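# Secondary and tertiary structure notes
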2 protein chains.
Amino acid sequence: MKTITLAFAISMTLFSSISFANNDKPFALAIHGGAGTIKKSSFTPEQEQAYRAKLKEAVDAGYTVLEKGGSSLTAVTTAINVLEDSPYFNAGKGAVYTHNEEHEMDASIMDGNTMNAGAVAGVKHIKNPIDLARLVMDESVHVMLYGQGAEEFALTQGVPLVANETFNTQKRYEGLQRAKAKMAEAKSSADYQAAHQQLDTEYKVGTVGAVALDKQGNISAGTSTGGMTNKRYGRIGDAPVIGAGTYAENGVCAVSATGHGEYFIRYQVAGDICAKVKYQQKSIIQAADEVINQRLITAGGTGGVIAIDHRGNIATPFNTEGMYRATRKNGEEAQVMIWRDK
Amino acid sequence: MKTITLAFAISMTLFSSISFANNDKPFALAIHGGAGTIKKSSFTPEQEQAYRAKLKEAVDAGYTVLEKGGSSLTAVTTAINVLEDSPYFNAGKGAVYTHNEEHEMDASIMDGNTMNAGAVAGVKHIKNPIDLARLVMDESVHVMLYGQGAEEFALTQGVPLVANETFNTQKRYEGLQRAKAKMAEAKSSADYQAAHQQLDTEYKVGTVGAVALDKQGNISAGTSTGGMTNKRYGRIGDAPVIGAGTYAENGVCAVSATGHGEYFIRYQVAGDICAKVKYQQKSIIQAADEVINQRLITAGGTGGVIAIDHRGNIATPFNTEGMYRATRKNGEEAQVMIWRDK
């Protein structure tokens, strides 16, 4: 009896010391809902409030996972699910239209602990692409699956397919028509390129993502998008490209990007920020700022990132007018921002 | 008349000084035809000789471009075309079979001078995928195009489509049947993963690539592949992923990779080698060795890379039994190798 009591006492002591240690551990997350030309004048106060409320809902959902001791991976997918299920952001329900008036979505996720990763591109019938990216990571021997093949894999995993029209919204349809009208005016290849450049800021407020640090010290990143308005030719942007739109390595940093995807691929934005942290011992604040506000600006690439490190430091730089974003650290309230300082 | 003679003399002097300067400039290239379990015992002397002759033909074709003052980009595509047109290597003509008994090819190219890039994935009807990747880079606003969309783009560029059966070869078909038999024996998910791991070394001797430095000091990299034998679900490997299979940045390095693509994506192999050169001032020999022979081995990823820097230094590390490869520097003969030291 004594032995049992002692064992119980020891196990309780161990339990509370683990529990105490976990409570001491920093945890935090950041989310984004896209960067671009976000004009304050285009919102009514009610609309702005609705966007902020949805960002808060997403960051709080991820926070609750972390607070309960859940993994950074689950915090990332939980927060992204909220954004995918909202029509406000270009991912899931709010996905923009392709040239052919369909919706093609991309997503990726990376686990900084195992450095495993999963990505899907060009899927048309998946309600929450980030969850399928996680299944690719956890349940397949591959990292990146495309289109119909990715959906075949989804079926093997019991993920139901949904009609492409599930993602129809009036606002995005009007956006496509305006984009087509603008592109139709282009008479030469140079005009087309110029019109396309304009589109990128106007119609590509366009990715959602999350990065998180959990109590176990593991960091993760995930990104989900409806791609680029009026896109053609099975274009793949940076969101499903590991190292471009998403990257995570424990002890280094986790990054989710949003912006003009072609530049983010060429400059390996997520990977380059982590490389600066790892090989130059830069803080994530400095590393992310150098890539977004120096290198990308010189190159002409617009967008932003959210980044987190193993201490829970968070960076959210962007070189556009605004970036929908929210952060929350253990014991603190959520911070929700759209423009530079508010 | 005198003026004309003088002008002629001056222009000749300028011409020869430029020509002399260019002749002084280092230029070089390296190519690979895949890394994996390449058993010496599986070749007759004649077969080995034929492989070596094809590798020499490819590296010499790229060398001739560079010698004449052509760009590193053209040297890369010219060398890769020779390998794509040969049934010996898993790219173009020699592409392996997917699970559905088709051929799906991927390729990417990157220009270290402009840091522009182009990639195609999952194309079925393109004779030389590397040339289409270059058209994506030069003529589209995108970096990465998939499947049917990429082929639609090809048609807009006047690239003819060819029948998928163009890529049929008896040897690859038998490889698929053996792979299917092996996978069919797998009874559990763990068995399947184990069988798949075995396949990777046995059936994925599978990518071709080139890196080059031209007389103008520009470096480039390109990679082309038929993917993984028996692949399913629209799997995308590292070859079309900028930063994984291909990367180039002037003054830093140019890399083309070959190996178990999933690991090369997760560890951003091409980009990480360049990051070590750029941020840690490591030589490409050391940087490439650390990634291939330390980091990847720890992770369990098999394969190799070819890398070149702006001085014409070349690294060709691999952690497999062999890697088909050849190098040639200005004024030197081609070096052709398959195994560790020969």
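Residues numbered from 1 in each chain as written. Chains lettered and ligands numbered in written order. Predicted model: local features only at pLDDT ≥ 70, side-chain atom pairs only at ≥ 80, totals over all residues. Heavy atoms only, no water.

### Here we look at the sheet that holds strand 1 (residues 28-36) of chain A
A sheet is described by the order of its strands in space; here nine strands give the open sequence 13(A)-12(A)-1(A)-5(A)-6(A)-2(A)-3(A)-4(A)-7(B), paired in mixed fashion. Of all the strands in the sheet, the pair left with one neighbour each is strand 13 (335-337) of chain A together with strand 7 (235-236) of chain B. Of the pairings in the sheet, the one linking strand 1 of chain A to strand 5 (residues 208-213) of chain A comprises five bridges and is antiparallel in character. When the bridges of strand 5 of chain A are listed, alanine 30 of chain A appears paired with valine 211 of chain A. Where helix 3 (residues 72-84) of chain A meets the sheet, its contacts fall on strand 1, strand 2 (105-111), strand 5 and strand 6 (219-225) of chain A, and the angle it forms with strand 5 of chain A comes to roughly 155°. Relative to strand 3 (residues 116-123) of chain A, helix 4 (residues 129-139) of chain A is tilted by about 135°, and along the sheet it contacts strand 2, strand 3, strand 4 (144-146) and strand 6 of chain A. (Pairing = 2+ DSSP bridges. Helix = DSSP H or I, 4+ residues; strand = E, 2+ residues; numbered from the N terminus. Contact = heavy atoms within 4.5 Å. Axes fitted to C-alpha atoms, helices over the stretch in contact; angles between N-to-C directions.)

### So, the relation of the copies chain B and chain A
When chain B is fitted to chain A, the best match, at an RMSD of 0.0 Å, comes from turning it 180° and sliding it 0.0 Å along the axis. As the rotation angle and translation indicate, the two copies are arranged about a two-fold axis. (Least-squares fit on C-alpha atoms with pLDDT ≥ 70 in both.)

### A look at the sheet that holds strand 6 (residues 219-225) of chain B
Either a parallel or an antiparallel arrangement is found when strands of a sheet pair, and the pairing is made through backbone hydrogen bonds. Read across the sheet, nine strands follow the order 7(A)-4(B)-3(B)-2(B)-6(B)-5(B)-1(B)-12(B)-13(B) without closing on themselves; strand pairing throughout is mixed. Here the strands that pair on one side only, and so sit at the sheet edges, are strand 7 (235-236) of chain A together with strand 13 (335-337) of chain B. Alignment of strand 2 (residues 105-111) of chain B against strand 3 (residues 116-123) of chain B, held across six bridges, turns out to be antiparallel. Looking at strand 3 of chain B, one finds that isoleucine 109 of chain B is bridged to glycine 118 of chain B. Helix 2 (residues 45-67) of chain B contacts strand 1 (28-36), strand 5 (208-213), strand 12 (322-329) and strand 13 of chain B of the sheet and is inclined by roughly 35° relative to strand 12 of chain B. Taken strand by strand, helix 3 (residues 72-84) of chain B contacts strand 1, strand 2, strand 5 and strand 6 of chain B, and its axis lies near 155° from that of strand 5 of chain B.

### Let's talk about the pattern of salt bridges
Scanning the entire structure with this criterion turns up 32 salt bridges over all chains. The closest approach of N and O atoms between lysine 40 of chain B and glutamate 48 of chain B, which form a salt bridge, is 2.8 Å. The class of lysine 40 of chain B is partly exposed, set by a relative accessible area of 39%. Note on glutamate 48 of chain B: relative accessible area 14%, which makes it buried. The salt bridge partner of glutamate 104 of chain B is lysine 231 of chain B, with a shortest N-O separation of 3.6 Å. On the criterion of sequence distance, the pair formed by glutamate 104 of chain B in the loop between helix 3 and strand 2 and lysine 231 of chain B in the loop between strand 6 and strand 7 is long-range, its members being 127 residues apart. For lysine 231 of chain B, a relative accessible area of 5% translates into the label buried. Where salt bridges share partners, they join Glu249 and Lys278 of chain A together with Asp272 and Arg295 of chain B into one cluster. (Salt bridge = Lys/Arg side-chain N within 4 Å of Asp/Glu carboxyl O. Buried < 20%, exposed > 50% of the residue type's maximum accessible area, 1.4 Å probe, protein only.)

### Quick word on the packing of aromatic side chains
Applying the stated criterion to the full structure yields 21 aromatic pairs over all chains. Measuring from centroid to centroid gives 5.8 Å for phenylalanine 43 of chain B and tryptophan 339 of chain B, while their planes differ by 85°, and the two rings are edge-to-face. Note that phenylalanine 43 of chain B is positioned in the loop between strand 1 and helix 2 and tryptophan 339 of chain B in the segment after strand 13, a separation of 296 residues in sequence. Judged by its relative accessible area of 7%, tryptophan 339 of chain B falls in the buried class. When the ring of tyrosine 51 of chain B is compared with that of tyrosine 324 of chain B, the centres are 5.2 Å apart and the planes differ by 15°; the resulting orientation is stacked. With tyrosine 51 of chain B in helix 2 and tyrosine 324 of chain B in strand 12, the pair connects residues that are 273 residues apart, well separated along the chain. For tyrosine 324 of chain B, a relative accessible area of 6% puts it in the buried group. Among the aromatic residues, those joined into a cluster by ring pairs are Phe43, Tyr51, Tyr88, Phe89, Tyr324 and Trp339 of chain A. In this structure, arginine 328 of chain B packs its charged tip against the face of tyrosine 63 of chain B, placed 3.7 Å from the ring centre. (Phe/Tyr/Trp six-rings, centres within 6.5 Å; stacked < 30°, edge-to-face > 60°. Lys NZ or Arg CZ within 6 Å of the ring centre and 35° of its normal.)

### What to know about the confidence of the model for chain A
All names here are of chain A. Here chain A shows a mean pLDDT of 89. Residues at 70 or above account for 87%. Counting interchain partners and residues more than four positions distant, the pLDDT-below-50 stretch residues 1-21 has zero contacts. Quick note on the complex model: pTM equals 0.91, ipTM equals 0.90. (pLDDT = per-residue confidence, 0-100.)

### Things to note about the side chain of glutamate 84 of chain B
Residues and elements named next belong to chain B. On the secondary structure map, glutamate 84 appears in helix 3. One buried charge, glutamate 84, has no salt-bridge partner; the nearest side chain with opposite charge is lysine 127, at 7.3 Å. Here asparagine 81 takes part through its side chain, which lies 3.3 Å from a polar atom of the side chain of glutamate 84. Polar side-chain contacts of glutamate 84 include one of 2.7 Å to the side chain of serine 224. Other than its neighbours up to four places away in sequence, glutamate 84 contacts Ala91, Gly92, Lys93, Gly94, Asn128, Pro129, Ile130 and Ser224. (Lys, Arg positive; Asp, Glu negative; His and termini not counted. Polar contact = N/O pair within 3.5 Å; in protein donor to acceptor, adjacent residues only side chain to side chain.)

### What about the environment of proline 26 of chain A?
All names here are of chain A. Relative to the assigned elements, proline 26 resides in the loop between helix 1 (2-24) and strand 1. Judged by its relative accessible area of 35%, proline 26 falls in the partly exposed class. It is 23 Å that separates the C-alpha atoms of proline 26 and alanine 257, two residues lying 231 residues apart in sequence.

### A word on the interface of chain B and chain A
Contacts between the two partners involve 44 residues from chain B and, on the opposite side, 44 residues from chain A. In this assembly, chain B packs against chain A so that about 3,900 Å² is buried in total across both faces, 59% of it on carbon and sulfur atoms. Sorting the residues of chain B by area buried against chain A places Tyr233, Arg266 and Tyr279 of chain B first, and these three jointly supply 22% of that buried surface. Run the count over chain B and chain A and you get two salt bridges. Viewed at the interface, chain A and chain B are joined by 16 residue pairs in polar contact (both at pLDDT 80 or more). Mapped by element, the contributors of at least two residues to the side of chain B that touches chain A are strand 3, strand 4 (144-146), helix 5 (147-156), helix 7 (189-203), strand 7, strand 8 (246-249), helix 8 (261-266) and helix 9 (269-280) of chain B. Here the side of chain B that touches chain A takes seven residues from helix 9 of chain B, the largest share from any one element. Looking at the side of chain B that touches chain A residue by residue, the classes come out as 21 nonpolar, 13 polar and ten charged. (Buried area = accessible area lost by both parts, 1.4 Å probe. Nonpolar A, V, L, I, M, F, W, Y, C, P; charged D, E, K, R; others polar.)

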